Amino acid sequence: MRLIFLGPPGAGKGTQASILGENLGILHISTGELLRQERKDKTERGVEAQSYIDQGALVPDRVVMEIVHEQLTKPEAKKGWILDGFPRNVSQAGVLDGLLMGMAQQTYNCVISFEVPEKVLIERLKKRGRTDDTLEVLRNRLKSYHEETAPLIDFYSDRKKLEIINGFMSRESVASALKEVVEDLKKNI
Ligand code: AMP
């Protein structure tokens, strides 16, 4: 199973990707987590990414693509994966398509978009307390979502790859809605 999770910050993608990844025994690839780890380890990429993360802006595609490439070429990725927080713009989506084709790896089965009302997102993010969760940075992250990431909804919908999940429910309800989508997908593999 190969899935892409799409949605604004605070939509619950990360939590759901972690649960589902474990249940299905597939790799959970969160570019945000990987970038934060690199920042902590002060790698060259981490140092480059830092100011973008701190401002709530997107890290340059080149840096993110390198990380994604490394993850998708890991032996564990053969069993399947969930991309969480990637792609974040149409250009990354295009590069991903090329990358998967070049690796002769089959493409993603589905893109799942988590929808949550903006007011709820802000409340959830304020509670989370990550260093990039201050109000000003949050506004930037939501802005970058609307301007750069949200166009991916049409991009994948045009390709007939999109499923929408209501993320404004309890963690358990979202997980079970997701499970249903995955069961349906399995029938078509
Ligand atoms: P996240 O944990 O997905 O909310 O990501 C945290 C931060 O990491 C974002 O605000 C961006 O600065 C950066 N980031 C994560 N994924 C990407 C991506 N696919 N492209 C560019 N920047 C990213």
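The structure displayed is predicted, hence computed values, not measured ones.

About the criteria used
- Residues numbered from 1 in each chain as written.
- Predicted model: local features only at pLDDT ≥ 70, side-chain atom pairs only at ≥ 80, totals over all residues.
- Heavy atoms only, no water.
- Axes fitted to C-alpha atoms, helices over the stretch in contact; angles between N-to-C directions.
- Helix = DSSP H or I, 4+ residues; strand = E, 2+ residues; numbered from the N terminus.
- Contact = heavy atoms within 4.5 Å.
- Nonpolar A, V, L, I, M, F, W, Y, C, P; charged D, E, K, R; others polar.
- Pairing = 2+ DSSP bridges.

Engineer: Would you take a moment to explain the packing of helix α5 (residues 90-102) against helix α8 (residues 151-158) for this structure?
Structural biologist: Each pair of packed helices can be described by the angle between their axes along with the distance between the axes. Packing of α5 against α8 brings their axes to within 9 Å, and their N-to-C directions diverge by 35°. Here α5 contributes Val90, Ala93 and Asp97 to the contact with α8, which in turn contributes Pro151, Leu152, Phe155 and Tyr156. Here the contact of α5 with α8 is built from residues that sort into six nonpolar, no polar and one charged.

Engineer: Please clarify how the sheet that holds strand β5 (residues 162-166) should be interpreted in this entry.
Structural biologist: To summarise the sheet geometry, strands pair through backbone hydrogen bonds and adopt either a parallel or an antiparallel arrangement. Spatially, five strands are ordered β2-β3-β1-β4-β5 in an open sheet, and the strand pairing comes out parallel. Edge positions in the sheet fall to β2 (27-30) and β5, since each has one partner strand and no second. If you compare each strand with its neighbour and ignore which way they point, the axes differ by 20° on average. Bridge count for β2 against strand β3 (residues 81-84) is four bridges, and the pairing is parallel. Bridge pairing links isoleucine 29 to leucine 83 in β3. Each of β1 (2-6), β4 (110-115) and β5 touches helix α9 (residues 171-187); the most contacted strand, β5, lies at about 160° to it.

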